Structures are given as C-alpha cells and as structure tokens.
Amino acid sequence: MEKEQFERMKNGQGFIAALDQSGGSTPKALELYGIAPDAYSNETEMFDLVHDMRTRLMTSPAFNSDSILGAILFEQTMDRKVEDLYTADYLWEKKGVVPFLKVDKGLAEETDGVQLMKPNPNLEELLQRANERHIFGTKMRSLIREANPEAIKKVVDQQFEVGKQIIAAGLVPIIEPEVDINSKDKEKSEALLKNEILSQLDNLSESDNVMLKLSIPTIDNFYKELIEHPRVVRVVALSGGYTREKADEALAHNHGLIASFSRALSEGLSASQSDEEYNALLKESIKQIYNASIT
C-alpha cells in the first residue's frame, strides 16, 4: 500500500470525484453531457466517448489535488490512457489524486427491500490487475430501499465479506451500502445500517482498514461514530440524486463527512462548451463541493 496515498486519504482536505458510471448508467451520463444516443452506434464508440468525457474532466486545470483527494474509475477507464499514461498513473503522478476502482458488477434484483451486489467470480483477477495498474482502493455498491433488519444485515455482511477479500489483495475497499434518498423510512434504515456496520468494524483486525460511502444522513452528524472508528480511513457521501446545491447544503451539516459525488460534480458540464466555459464551471463546482466537505 502506498503510504503517502494512505496518509492523503486519511488526513487530507478535499473530496473524492466519482467518475465510475458504467453499463446502463453510461448512456445517461453521456446524454447529460450533451451527447445523444444517436451519436454512437455501438458499445465501443460509446465507451470511447465516455473516456473522452472523463479525460476532459481529469485534464482540466480545475481538477487538481488542491481540492480533490481521490477519483473512482470504471474498469475500462483504468485500462485506458490519459496523456500517454495509464489513468491511475496520470491521476497520481500528474495530479496528486489517489486512484480507486469500481469493482462490483451491478445490483441484483430487489429482494426484501434491498439490492445486493451481483456475483463477481472474476474479482481476484480484477484485483490483481488493479494492483498492476497502481490502484489504491476499490468501491462497490449495494442499495437499501426499505428498513428491513434482516435484509440490511445481508447487505452489510456481503459488503464486508468482499471487503476482506479486497484487503487481502492489499487494497482499501470503499464499502457503499447506499440508502435510497427517496425511501419512506430512510432514517430507520440508516439506524439499522449504522449498527450493522459498527458490528462489522469492531470485528476487523488492527491491520484492516476500510472506507465507507454512505448517503447523507437524515439526522445531522449521525455517522460520527463511523467517522471516528479506528478501522475507518474516511467516510464519504454520495449525492444520491440530489442536485449539487442540495447535496452541498446537506453535506455541510455533517462534520467530517466528505463528498464523493458523480452527477453533482458534473452537473451543467457539456461537450458543446468551450474550454474556457467548461473549466470555469468545473472550477466553481469543485469549489462548492470542497467547501461543503471541509466543514
């Protein structure tokens, strides 16, 4: 594990940029960026366009270590290059940004109000490639829609089971059991979730470290115990469908919680913008998210 990267993630000021849209979310991400589905005719062309979109963001002068601690990549992005360097090397060597990799294969069908992660039989091979590509950590997402105690326990158990596999590979897992922001019992789900996470954290060895990516809680500072837990490197928040303004406002009320935004980060950016317009808007977005993350 890169000690300098660990120290940066543990104690640095800033936030994580989530650049890991994949599969079904890619066309939507492109459309929000102003690239319609008729602009590409197959998956190869689609992923070429999304890599161009991400490259523009990562190479922007506004995207730098002054405000951004890390960036989460999609598998194809990890295997591609930015300015003749593999993406993770570009991020760390040129920008001082710690690289992470999304490793889950998407969500299974909803059962008992939750969606577990799909099986991932090739995870070991992917983790090996992640090490070869100089990735620091990983991210994997589950989804909670209802406050079902048994189902939420299954979500957390699965996350930590896979997380231990990732730790064994020498990487730091970002465990992401998202609670749907539109859930009618979001607050109750968050209480159940916190208890299950604390139970798992308390059973980790002193050499095990994880990060957590959670929906911004209904009650301010509700995740204080998780943020302060000795096994937790950092707790980051997803925007979860909130606008950037709404996400920033909610985040600012939670001390120690930092952003890991995707849609909220890229909100308003467009392929048709000039570099001057694009960089100015991205700079302002990053400034707002950074300010909300350091409260």
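For the structure, check the block above.
Nothing here was measured: the structure is a model prediction, and the numbers come from that model. (Residues numbered from 1 in each chain as written. Predicted model: local features only at pLDDT ≥ 70, side-chain atom pairs only at ≥ 80, totals over all residues. Heavy atoms only, no water.)

Quick look at the overall build of the protein chain
No. 1: The helix and strand tally for the protein chain stands at twelve helices and eleven strands.
No. 2: Taking 295 residues into account, the globule formula puts the C-alpha radius of gyration at 19 Å, and the protein chain, at 18 Å, falls close to it.
No. 3: With respect to the principal axes defined by its C-alpha atoms, the protein chain has extents near 50 × 40 × 40 Å.
No. 4: For the protein chain, with 295 residues in total, the buried portion stands at 55%.
No. 5: Across the protein chain, every contact between residues at least 6 apart in sequence was considered, and the portion connecting residues at least 24 apart equals 72%.
No. 6: Put simply, the protein chain has 34 plus and 49 minus side-chain charges, and the middle of one group is 2 Å from the middle of the other. (Helix = DSSP H or I, 4+ residues; strand = E, 2+ residues; numbered from the N terminus. Rg over C-alpha atoms; globule rule 2.2 N^0.38 Å. Buried < 20%, exposed > 50% of the residue type's maximum accessible area, 1.4 Å probe, protein only. Contact = heavy atoms within 4.5 Å. Lys, Arg positive; Asp, Glu negative; His and termini not counted. Charge placed at Lys NZ, Arg CZ, Asp CG, Glu CD.)

A closer look at the environment of Met 9
No. 1: Topologically, Met 9 is positioned in helix α1 (residues 3–11).
No. 2: For Met 9, a relative accessible area of 0% translates into the label buried.
No. 3: Here the alpha-carbon distance between Met 9 and Lys 118, two residues 109 residues apart in the chain, equals 28 Å.

Re the nonpolar core
No. 1: Core analysis: the largest hydrophobic core is formed by 77 residues, its most contacted members being Phe 63, Leu 193, Ile 197, Leu 226 and Leu 265.
No. 2: Residue contributions to this core peak at eight residues, all from helix α7 (residues 149–168).
No. 3: Setting aside residues up to four positions removed in sequence, Leu 226 forms contacts with Lys 194, Ile 197, Leu 198, Leu 201, Leu 212, Leu 214, Val 232 and Val 235.
No. 4: Core analysis: the next-biggest nonpolar cluster, separate from the first, contains 14 residues, Leu 69, Val 233, Val 236 and Ile 258 among them. (Core = buried A, V, L, I, M, F, W, Y, C linked by side-chain atoms within 4.5 Å.)

Examining the packing of aromatic side chains
No. 1: With the rule as written, the count across this model stands at three aromatic pairs.
No. 2: For the pair Phe 47 and Phe 74, a centre-to-centre distance of 5.6 Å together with 25° between the ring planes defines the contact as stacked. One end of the pair, Phe 47, is in helix α3 (residues 43–59); the other, Phe 74, is in the loop between β2 (68–73) and α4 (75–78), with 27 residues separating them in the sequence. Of the two residues examined, Phe 47 and Phe 74, each falls in the buried class.
No. 3: Stacked on the ring of Tyr 278, the Lys or Arg Arg 56 has its end atom at 4.0 Å from the ring centre.
No. 4: One Lys or Arg, Lys 81, reaches over the ring of Tyr 86 and ends 4.9 Å from the middle of that ring. (Phe/Tyr/Trp six-rings, centres within 6.5 Å; stacked < 30°, edge-to-face > 60°. Lys NZ or Arg CZ within 6 Å of the ring centre and 35° of its normal.)

Observations concerning the pairing of β2
No. 1: Most of β2 sits out of view: six of its six residues are buried.
No. 2: The pairing of strand β1 (residues 15–19) with β2 spans five bridges and is classified as parallel. Bridge pairing in β2 links Ala 18 to Ile 72.
No. 3: In this sheet, strand β5 (residues 98–102) lies alongside β2 in parallel orientation, the contact comprising four bridges. Across the sheet, Ile 72 pairs through a bridge with Phe 100, a residue of β5. (Pairing = 2+ DSSP bridges.)

Notes on unusual backbone geometry
In terms of backbone geometry, most residues other than glycine have negative phi values and most peptide bonds are trans.
No. 1: Despite not being glycine, Asp 84 has its phi angle at roughly 70°, a positive value.
No. 2: Residue Asp 84 is classed as exposed on the basis of its relative accessible area of 70%.
No. 3: We note that Asp 112 has phi near 55°; this positive angle belongs to a residue other than glycine.
No. 4: Structurally, the position occupied by Asp 112 is in the loop between β5 and β6 (114–115).
No. 5: Residue Asp 112 is classed as partly exposed on the basis of its relative accessible area of 47%.

Some thoughts on the pattern of salt bridges
No. 1: All told, the structure shown has 17 salt bridges when counted by the stated rule.
No. 2: Between Glu 125 and Arg 129 there is a salt bridge, and its shortest N-O distance comes to 3.7 Å. Residue Glu 125 and its partner Arg 129 are both found in helix α6 (residues 123–132); the two are separated by four residues, about one turn of the helix.
No. 3: When its relative accessible area of 41% is taken as the criterion, Glu 125 is described as partly exposed.
No. 4: Here Arg 129 falls in the buried class, since its relative accessible area comes to 18%.
No. 5: The partner of Lys 139 in a salt bridge is Glu 176, and the shortest N-O contact between them spans 3.0 Å. Of this pair, Lys 139 sits in strand β7 (residues 137–144) while Glu 176 sits in strand β8 (residues 172–179), placing them 37 residues apart in sequence. Grouping residues by exposure puts Lys 139 and Glu 176 together as buried. (Salt bridge = Lys/Arg side-chain N within 4 Å of Asp/Glu carboxyl O.)

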